Amino acid sequence: MVKNYFAFRVLKGLLVIFLISIVTFVIMRLMPGDPVYLLLGEGNIQITQEQIDAIHAKWGLDRPYHEQYLVWARNLFVGDFGESIIRMGVPIRQMIFEALPVTALLNVFAIAIALIVSIPFGIWAALKRNSIIDYAASVGSALGIATPNFWMALILILVFSVRLRWTPVFGLRSWQGYILPVVVLATEQMAVITRVMRGAVLEVLPQDYVRTARGKGLAAQRVNWRHVLSNALLPVITVVGFRIAFLLSGTIVVETVFALPGIGRLFTDSVIRLDYQVVQSLVVIFAFLVVVVNLLTDMLYAVIDPRIRIA
Amino acid sequence: MATSLSQKLDTGSRGGGRKTNRSRAVARFLDNRLAVTGLIIIVALVLVAIFADVLAPHHPNNDVFSGRRGEAPSIEHPFGFDHVSRDLLSRVIHGTRIALLVGITSSAIAVVIGVTIGAIAGYFGGWVDEVLSLLIDTLMAFPLIALLIVLAAVLGPSLTTTITVIGVTVWARYARVVRAEVMSLRERDFIVAARALGGQDGQIVWRHVIPNVMGSVIVLASLQIGSIIILESALSFLGLGVRPPTATWGGILADGRAFIMRYPHISIFPGVMIVITVLAFNFLGDGLRDALDPHEQP
Amino acid sequence: MAKSDSLLYTPFNRRFNRRKFLKYSLASGSAAAAMSMGMPAFAQSADGGTMVVLGHQEVAGLSPMDHGPTVQAVVIYNIMDPMFHINHLTELEPVLAESYTVSEDGLTYTFKLREGVLFHNGDELTAEDVKYTFEFYSDPSSTIASDFLNMESIDIIDRYTLQVNMSDVNAAFVTFAGATPIVNAAYHQEVGEEGFRTAPIGTGAFRLKEWRAAEFTELEAFPDHFRGAPSLASYRLEVVPEPSVRYIALLTGEADSAVWPLLVEDSQSFDNEPGYRVVRTLANSVKHILLNNEVPQLSDKRVRRAMLHALDRQRIIDDLWNGAAEIAHSNLTPKNAFYHKTDLPQYAFDPAAARSLMEEAGWVEGSDGIREKDGLKLSFTCTTITGDQARRPIAELSQIFLRDIGVDMQLAEAPISTILAGLRESTMESSLFNWTYGSTPEPDPSALLRSDGGNNFNSFRNAEMDALIDEGIATVNPADRLPIYHRIQELFVEEVPCLYLQFDEWINVYSPEMQGLPDEISNADPVYYRANEFSKG
C-alpha cells in the first residue's frame, strides 16, 4: 500500500514536471524579442536578412513551435539539454555543471549553519516562553525575515569588504569569498527555522504523551529531548526540504550582488538574453528537484514518525 | 500546522459562542505588545500612503535640484538627495504608497483565487480535487521568482503587471491551507446537516465553509503581505518592477546600489523602510495567529 | 603604418618589491593562497605576476566572432592577433601583416605577412590561415560577415602573401576585415567553430588556461610569441557586474584595471589616489534617445528639432555625468578627427524656440498640457534597458524637460533582447542607446542611417542619405571621402533622426603596480590588447 502510494506520487510528480516544461516553453516564446539580434550586436554593424535566416536555421528557431518543443523534450529525456545560443555551441549541461556547485555549496553551508544555530535557539525560546530569550528570538527572526537579502548583502559588503577589508569583495577564489553570501543566505534560513522550531516545540509541549512521560516521573530534561525533539523536527524537515527545493529563487539576488557565477545568475542572464533552452532546462531541473525533495520529505516523515499514516 | 479553529467550529458556523470568542481574541491580541506595535506602524504607514501628496515636501519625480546629486541628509532634506538630485524623503514617502498598494492588492487577488480554488478542491474532493491539486502542486514547484521574472519580461514591467503577476502566482499557498481546512470541515456536523437539508453546494461553501477558514486566511495574508513587499522590491531591484520614474522602495534601492560607496544614504533609507514595514506585518500576523488560535496559549 | 617601433621590446623594471607583494597578497586572499603554494610559482610571479582586469558581463565565447564586446575583445586579442589593429593612438597598426597594397581601382588588396610567427601549437602562420579565417567568417551564418562586405575571392600568392579580390569597393575593408583575429586553419578545421570558441589557439602573447564564462578567463604567457615572451606570467579577466564592487576591487588592489568604466564619480576619484593612472579618452560613441521616425508623432523633423531644443544637454552632463562628456553636435565624434565637422549648426537649449517650432508644426497644447494634432497626442514611450542604472536617469531628466514643452515621454524598461527586436522590427517607439563606432575611425554609418541598415533603429529613411552613404563607401581616397561625410553630418543635423545627447569621456584606471603602459593613449580598448608589453612592479 505504501508502495502504491509512492508510485502514485512519482507519477503525479512526473505530470507536474511535464506541465511545467510546457508552460515554460510557451512563456519563453511569448517573450518579445529574438536572441539572434543579441548575437549580432548593437553597434555599427551591417546585418542582412540572409544572415538572420542562416543563424535561425542553425539553432532550429525557424521550425514550428511544437517541433521545437518535441526536439527539446526528446533530447531532455536522454539527458541532453542542448546547446546555449548566447554562448554559441557550449553544451548547456556544461554550463549547469559549472554553475551548480557554486549555488549548492552556498546553500549547504547556509542551511547547515542555520540548523546548528536555530534548532537549539528555537527550543530554548519555546521552553522559556515569554522570557527575554523568547522575545529576542521572535524579534530576531522577524528581523531576519523582514530584511531584503539584497539590501543586507550590500550593507555587509560596505561594512566588511570596504570598511574593515576582512573579506574579498568578489569571487570565490578563496574560502573567505563564501563568508558574506553564506551569512546572507543563512540569516534568512535561521529566521525561518527558529520560528518554525519554536512553534513546533510549543505545539508538542502540552500534548498528552509528553505529559504522560512527565507523569511517569521522567526527568524533565529527558522529556524535552526525546519526545519533543523527534516530533518538533518534522516541520523543520519540511522547511529545510522546501528551502532546498527553492535553491534557485533564494540565490538569484545574492548571486547577482556578489557576482557569483551560480545557477541564479545563469538563470536571470538567460531569461534576459532569451537563451530559451537554458531557461527551459533550468526550470525543469528545479521542478524535478522540488518534486524529488517533496517525496523525500514525505518518506523521511514516515521514517521519523511511524505513527504517520499514509493514505 | 494549519490548526483549525476547533472550539469555535464545534458550536457551528454562526453559533452563539462566537461573540465571547471574538472579544476574548481581541483581548488576547491587545495583550500582545509586539502585535499592537505592528498594528500602530501599519496604520501610520497607511496614513502616510494616503496623504503622501500632502506629507511629501517636494514632488517625488519632477522637483530636480540641479547640482545636488547624492547630497547627504541635512535639516531641510532629512533623507538627502538621490542620484538624479531629487528629494529622497519625498520619494520614500511616495514609495510607501506603491509598497502598500502592491502588498495589499496582490494579496487580495491571491486570497480570492486561493480561497476559491482551495475551497472547491477541499469541498468536492475526488477528481476535482486531483486536478486542482495538480495545478497547486505545479505552481508550488515553479520557482516563484523565476516565474515572476519571466512573466514581467513577457508583459512588460508596470504597476499593473507587478500586482497581477504577484497575485496570480502566490495564491497556491492559500489554496493549500484552505483545501486542508475545508477537507476537515466537510465532515463536520453543521455542514453535513446543511447538506442533508438540501442546501446547494455553492451556497454551503459560500455561507458555511469559507467564513470558517477566513481566520487562517487572514493570518496567512498578514504574513504574506510582508513577503510580497520584499518580492516587489526584488523585482524592481532586478529591473522588472514598476515603471520609472515612479518611486518604489525596491527601485530606489536598485538605483542606490550603484552608488553604495559614494552615496550610501540612497539605499539605506528605503531599505530601513522595507524592514520596518515587513516587520510590522509580521508582528501583526503573529499576534493575530496567537489571538485566533487559543490552542497555542500556555 | 607608423608606430611599429612601439612594438619593440622595452626593458621593464623587474625589481621585486617585497612590501608591494605583501600589500597585494594581504589584500587578496586568493593571490596569497596561490603564491604560498610553493616557491617555484612564487619565483615565477615575482618575475611576471598576474594582471587582473575587471569586466562587467560574461565572456560568452572566444571565437573571432566574439570580438565585438569590449570585455571579450580584451581577452581575445591577447590570445589571437589580427592582421591590423586600430591601436591606442587610433592609428592603423600592422600586427600579423607586414604591409599591404591596394590596387588603383580599389578592387584588389595584397597582404604581406610577417614570417616566423608561431601559433600556440607550434605551427607557423601562413597565408593559408588568413585565407581560411577570412573565408570562414565571411559566411552569412557568421555574426561578423558584414566586416567582409564585397569580398569576392582570395588567392594565395606564396606562403606569406595573399591577394583579396573585391566585387566592389569597400573603403572600410582593411579596418574591419583586418581586425579579425586569425585562427589556425588546421586546428579550427579539426575542432570546428564550436570547439574553437571554447578552446581557441592563436598567435597571441598569451594562451588560454581556463575559461569560465560568468566567472573569469585566465590566460598564461606564451613564451614563443613573435614579439618576445611577455613579462606577465598571466592575464586574467574577472567578471564583476556591480560597478561599485569593481571600484572597491580597484581600490583594494584586488584588480589592476577595469575595462568597463565605473561610475563616473568613482573613476574620477582615482585622481586623488597616489600612484593610480587615470586615462581619459573620448569614447567613439554618440549617446542618444532613439526616435522611431515612422511613428506619426515623431515623423515631422520640426517636432524632433523642437525636442532637441528642449533638452538642456549641458545640465544632463553636469548633473548626471559629473561633467565627463561633451554635448554632441554631429553623428560622428570628434575622436574621428579627420571626418568630424566642427562648424555644424547647433541646437541650443531654448524652450521658447522649441515651443514655436511645435506650433509651426501644428502641435498645440491640449487641456492636460500635452500637445495634440489631428486628435493625436504627442506621447511616446522610451524603453530603457533593464538594469541600466547608469543611463536611465538621463531618460528621467529628459522626460521632465520634454514635458515642459508639452511632450509626454513615458518611460519603461525591458531586457536588451526585447528592445533590439522591437527596434529592428520598428515596433518600439524610443529607447536610449549609444551609437558606437568601436575603436575605428571609419566614418561609414550605413548600418545606422541607411534605409535598410541593420541597426537603423530610428527607422530613418532618407534618399539623399542613402545615396551619400553609397558614395562614401565606394570612395577610397580619404580626401575624396571628406566632403561626402561632411554632407552626411549636415544632413543628419538637419533631419535630427534621433535626439543626440553627448559624446562621453571614457575613463580607465590602472593600478600603481601596472608598468609598461603607453605614455600617450587616445583609444582605450586597444591598450588592453598590448598585455605583452606590461609588467607588474
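Predicted model, so just to flag it, every value in this text is computed and none were measured. (Residues numbered from 1 in each chain as written. Chains lettered and ligands numbered in written order. Predicted model: local features only at pLDDT ≥ 70, side-chain atom pairs only at ≥ 80, totals over all residues.)

(A) Here's a closer look at the overall build of chain C. A tally of regular secondary structure across chain C gives 17 helices and 22 strands. For 537 residues, the compact-globule estimate of 2.2 N^0.38 gives 24 Å, and chain C sits close to it at 25 Å. Based on the C-alpha atoms only, the size of chain C along its principal axes is roughly 80 × 55 × 40 Å. Every one of the 537 residues in chain C was classed for burial, and the buried ones make up 56%. In chain C, 69% of the contacts between residues at least 6 apart in sequence involve partners at least 24 apart. (Helix = DSSP H or I, 4+ residues; strand = E, 2+ residues; numbered from the N terminus. Rg over C-alpha atoms; globule rule 2.2 N^0.38 Å. Buried ≥ 20, exposed ≤ 12 C-beta atoms within 10 Å, placed from the backbone. Contact = placed C-beta atoms within 7 Å.)

(B) Structural view of the overall build of chain B. A tally of helices and strands in chain B yields 12 helices and zero strands. Taken over 298 residues, chain B has a buried fraction of 53%. Relative to all contacts within chain B whose residues are 6 or more apart in sequence, the contacts with residues 24 or more apart total 72%.

(C) The arrangement of the sheet that holds strand S5 (residues 108–113) of chain C in detail. Residues and elements named next belong to chain C. Sheet architecture is open: four strands sit in the order S4-S5-S7-S6, paired in antiparallel fashion. Since the sheet does not close on itself, it has two edges, and those belong to strand S4 (97–102) and strand S6 (151–158), each with one partner. Averaged over all neighbouring strand pairs, the angle between strand axes comes to 20°, with direction disregarded. One ladder, built from six bridges, connects S6 with strand S7 (residues 161–166); its direction is antiparallel. Bridged to Met-151 within S7 is Met-166. Its contacts with the sheet place helix H5 (residues 127–137) against S5, S6 and S7, and it is angled at close to 170° to S6. (Pairing = 2+ DSSP bridges. Axes fitted to C-alpha atoms, helices over the stretch in contact; angles between N-to-C directions.)

(D) Layout of the sheet that holds strand S14 (residues 364–365) of chain C. Across the sheet, which stays open at both edges, the three strands sit in the order S14-S15-S16 (chain C) with antiparallel pairing between neighbours. The sheet is open, and its two borders are formed by S14 and strand S16 (376–377) of chain C, each paired with just one other strand.

(E) Spotlight on the packing of helix H8 (residues 159–186) of chain B against helix H10 (residues 201–237) of chain B. All names here are of chain B. Between H8 and H10, the least distance of the axes is 9 Å, while the angle of their chain directions is 150°. As summarised for this structure, H8 and H10 are arranged roughly antiparallel, according to the angle between their axes. Pair H8 / H10 crosses with right-handed handedness. Contacts between H8 and H10 involve Thr-162, Ile-166, Val-170, Arg-173, Tyr-174, Val-177, Val-178, Glu-181, Val-182 and Leu-185 on the former and, on the latter, Val-209, Asn-212, Val-213, Ser-216, Val-217, Leu-220, Gln-224, Ile-228, Leu-231, Glu-232 and Leu-235. Its residues assigned to classes, the contact of H8 with H10 comprises 14 nonpolar, four polar and three charged. (Parallel < 35°, antiparallel > 145°, perpendicular 65-115°, else oblique. Left-handed = near helix turned anticlockwise from the far one by under 90°. Nonpolar A, V, L, I, M, F, W, Y, C, P; charged D, E, K, R; others polar.)

(F) Geometry of the interface of chain C and chain A. Between chain C and chain A, the residue contacts involve 53 residues of the former and 48 residues of the latter. Going through the elements one at a time, helix H2 (29–36), helix H7 (185–198), strand S10 (234–239), helix H8 (243–252), helix H14 (416–424), strand S19 (430–436) and helix H15 (446–449) of chain C are the ones with two or more residues in the side of chain C that touches chain A. Tallying contributions element by element places H14 of chain C first for the side of chain C that touches chain A, with seven residues. Of the residues contributing to the side of chain C that touches chain A, the split by class is 23 nonpolar, 20 polar and 10 charged.

(G) Local environment of the environment of Tyr-132 of chain C. Assignment of secondary structure puts Tyr-132 of chain C in helix H5. Placed 52 residues apart in sequence, Tyr-132 of chain C and Asn-184 of chain C show a C-alpha to C-alpha distance of 8.5 Å.

(H) Inspection of the nonpolar core at higher detail. If you look at the biggest cluster of nonpolar residues, it comprises 345 residues, and the most contacted ones within it are Ala-153 and Ala-287 of chain A, Ile-149 and Tyr-174 of chain B together with Val-53 of chain C. For this core, the element with the most residues is H10 of chain B, which contributes 17 residues. Not counting residues within four places of it along the chain, the set of residues in contact with Ala-153 of chain A comprises Leu-180, Val-184, Val-254, Val-257 and Phe-258 of chain A. (Core = buried A, V, L, I, M, F, W, Y, C linked by C-beta atoms within 7 Å.)

(I) Region of interest: helix H3 (residues 33–50) of chain B. Spanning 18 residues, H3 of chain B covers 26 Å between terminal C-alpha atoms, matching the ideal 26 Å at 1.5 Å per step. Residues of H3 of chain B that are buried include every one of Ala-35, Gly-38, Leu-39, Leu-45 and Val-48 of chain B, and no others. (Expected span 1.5 Å × (residues − 1).)

(J) Up close: the interface of chain C and chain B. At the junction of the two partners, chain C supplies 25 residues and chain B supplies 23 residues. Secondary structure elements with two or more residues in the side of chain C that touches chain B: H8, helix H9 (264–269), helix H11 (313–320), helix H13 (392–404) and strand S18 (408–414) of chain C. Among the elements that take part in the side of chain C that touches chain B, H13 of chain C stands out by supplying six residues, more than any other. Of the residues that constitute the side of chain C that touches chain B, the class distribution is 12 nonpolar, six polar and seven charged.

(K) Spotlight on the environment of Leu-135 of chain B. With respect to the secondary-structure elements, Leu-135 of chain B resides in helix H6 (residues 126–141). Along the primary structure Leu-135 of chain B and Ile-117 of chain B are separated by 18 residues, whereas in three dimensions their C-alpha atoms are 9.8 Å apart.

(L) Inspection of the environment of Leu-62 of chain C at higher detail. Among the structural elements, Leu-62 of chain C can be located in the loop between strand S1 (50–55) and helix H4 (70–79). Here Leu-62 of chain C is in contact with Val-75, Ile-76, Ile-79, Arg-197, Thr-198, Pro-200, Leu-208 and Trp-211 of chain C, once residues within four sequence places are set aside.

(M) Structural context of helix H12 (residues 265–292) of chain B. An ideal rise of 1.5 Å per residue puts 40 Å on 28 residues; H12 of chain B measures up with 40 Å between its terminal C-alpha atoms. Judged by how many residues are buried, H12 of chain B sits mostly within the fold: 25 of 28 residues are covered.

(N) Seen up close, unusual backbone geometry. Going from Pro-244 of chain B to Pro-245 of chain B, the amide bond is cis rather than trans, its omega being 0°. Despite not being glycine, Asp-374 of chain C has its phi angle at roughly 50°, a positive value. Among the structural elements, Asp-374 of chain C can be located in the loop between strand S15 (371–373) and S16. We classify Asp-374 of chain C as exposed; it has 7 C-beta atoms within 10 Å.

(O) Quick peek at the confidence of the model for chain B. Of all residues in chain B, 91% attain a pLDDT of 70 or more, and the chain-wide mean is 82. Within chain B, the lowest mean pLDDT, 37, falls on helix H1 (residues 6–10) of chain B, and the highest, 93, falls on H3 of chain B. (pLDDT = per-residue confidence, 0-100.)

(P) Representation of the pairing of S7 of chain C in the model. Residues and elements named next belong to chain C. Where burial is concerned, the two faces of S7 differ: the one with Leu-162, Val-164 and Met-166 is buried and the one with Thr-161, Gln-163 and Asn-165 is not. Where S5 and S7 come together, five bridges link them in antiparallel fashion. When the sheet's bridge partners are listed, Thr-108 is paired in S7 with Asn-165.

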